[in-house]
Amino acid sequence: MEARGHVFKYGENVDTDVIIPARYLNATTGEELAKHCMEDIDKEFVNKVQKGDIIVARKNFGCGSSREHAPLAIKASGVSVVIADTFARIFYRNAINIGLPIIESPEAAAEINAGDEVKVDFDTGLITNITTGKTYKGQAFPEFMQNIINAGGLVNYVNNKNK
């Protein structure tokens, strides 16, 4: 499993209210949430993001409320993976549960810049900055987590296993 795209870079403590503002929480689909993803921190994100792009951020990405809307909005916007120094624990679980790959790598989060082209190998945890040629180590996804992500989230994974 692999992701490849261009980077949107953010700082520390990007909270769920910035990822998807509370005024849009009445949206019923990921597609509707995606129209407002990151708009309070990056007005151009929704206009520039393309399928496969990557978010890179510093520490404590996804802090704040426990809403599943935040990782859902990111995934529905087309982002293929989020790389951060650290994630808020509830965001981490919510991301896996809805099928959004996330990887912790402090060195990658510090050195990768906005606009860089990056490739992530989920089997090995290897992050390659194609723009600079530098590689970083992130955690590889265990097989069971890859299965959840490949299924599109925990609900789909469980439903597929029960068939």
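Residues numbered from 1 in each chain as written. Predicted model: local features only at pLDDT ≥ 70, side-chain atom pairs only at ≥ 80, totals over all residues. Heavy atoms only, no water.

**Student:** Give me the lowdown on the overall build of the protein, citing residues and values where you can.
**Tutor:** A count of helices and strands for the protein gives eight helices and seven strands. For 163 residues, the compact-globule formula gives about 15 Å, and the C-alpha radius of gyration of the protein, at 15 Å, lands near that figure. In terms of its C-alpha atoms, the protein occupies a principal-axis envelope of roughly 40 × 40 × 25 Å. When the accessible surface of the protein is summed, it comes to about 7700 Å², and 49% of that surface belongs to carbon and sulfur atoms. Across the protein, the 18 positively charged side chains and the 21 negatively charged ones have centroids separated by 3 Å. (Helix = DSSP H or I, 4+ residues; strand = E, 2+ residues; numbered from the N terminus. Rg over C-alpha atoms; globule rule 2.2 N^0.38 Å. Areas by Shrake-Rupley, 256 points an atom, 1.4 Å probe, with all protein chains shown as cover. Lys, Arg positive; Asp, Glu negative; His and termini not counted. Charge placed at Lys NZ, Arg CZ, Asp CG, Glu CD.)

**Student:** An account of the pairing of strand E2 (residues 54-57) is needed here, citing residue identities and associated values.
**Tutor:** The alternating pattern of E2 places Ile54 and Val56 on one face and Ile55 and Ala57 on the opposite face, and all of these are buried. Of the strand pairs in this sheet, strand E1 (residues 2-9) and E2 are connected by three bridges, and their pairing is parallel. By the bridge assignment for E2, Phe8 is matched with Ile55. Relative to strand E3 (residues 81-84), E2 runs parallel, the two sharing four bridges. Bridge pairing links Ile54 to Val81 in E3. In terms of handedness, the path from E2 via helix H4 (residues 69-76) over to E3 forms a crossover that is right-handed. (Buried < 20%, exposed > 50% of the residue type's maximum accessible area, 1.4 Å probe, protein only. Pairing = 2+ DSSP bridges. Right-handed = clockwise from strand over helix to strand, strands pointing away.)

**Student:** Please set out the packing of aromatic side chains residue by residue, giving values where relevant.
**Tutor:** Here the structure, examined in full by the defined rule, presents five aromatic pairs. Consider the rings of Phe61 and Phe87, whose centres lie 6.0 Å apart with planes at 85°: the pair is edge-to-face. Taken as a pair, Phe61 in the loop between E2 and H4 and Phe87 in the loop between E3 and helix H5 (89-98) lie far apart in primary sequence, 26 residues in all. Judged by its relative accessible area of 0%, Phe61 falls in the buried class. (Phe/Tyr/Trp six-rings, centres within 6.5 Å; stacked < 30°, edge-to-face > 60°.)

**Student:** Tell me about the side chain of Asp53, and name the residues and values.
**Tutor:** Along the chain, Asp53 turns up in the loop between helix H3 (45-48) and E2. One buried charged residue, Asp53, remains without a salt bridge, the closest side chain of opposite sign being Arg4 at 9.8 Å. Apart from residues lying up to four places away in sequence, Asp53 is in contact with Gly5, His6, Phe8, Lys48, Gly78, Val79, Ser80 and Val81. (Salt bridge = Lys/Arg side-chain N within 4 Å of Asp/Glu carboxyl O. Contact = heavy atoms within 4.5 Å.)

**Student:** Can you explain the packing of H4 against H5? Please cite residues and give values.
**Tutor:** Two elements in contact, H4 and H5, have axes separated by 8 Å at closest approach and are oriented at 50°. Considering their axes alone, H4 and H5 lie oblique with respect to each other. Between H4 and H5 lies a crossing of right-handed hand. Contacts between H4 and H5 involve Ala70, Pro71, Leu72, Ile74 and Lys75 from the first element and Phe91, Asn94, Ala95 and Ile98 from the second. Of the residues belonging to the contact of H4 with H5, the class tally is seven nonpolar, one polar and one charged. (Axes fitted to C-alpha atoms, helices over the stretch in contact; angles between N-to-C directions. Parallel < 35°, antiparallel > 145°, perpendicular 65-115°, else oblique. Left-handed = near helix turned anticlockwise from the far one by under 90°. Nonpolar A, V, L, I, M, F, W, Y, C, P; charged D, E, K, R; others polar.)

**Student:** Go over the UniProt feature "domain: Aconitase A/isopropylmalate dehydratase small subunit swivel" (unreviewed entry) in the protein, please, and point to the residues and values.
**Tutor:** Under the UniProt annotation, "domain: Aconitase A/isopropylmalate dehydratase small subunit swivel" (unreviewed entry) lies at residues 36-101. What you have in residues 36-101 is 33% helix and 12% strand, and the ends, taken at the C-alpha atoms, are 20 Å apart. (UniProt positions renumbered as here; feature names shortened; annotations may be inferred.)

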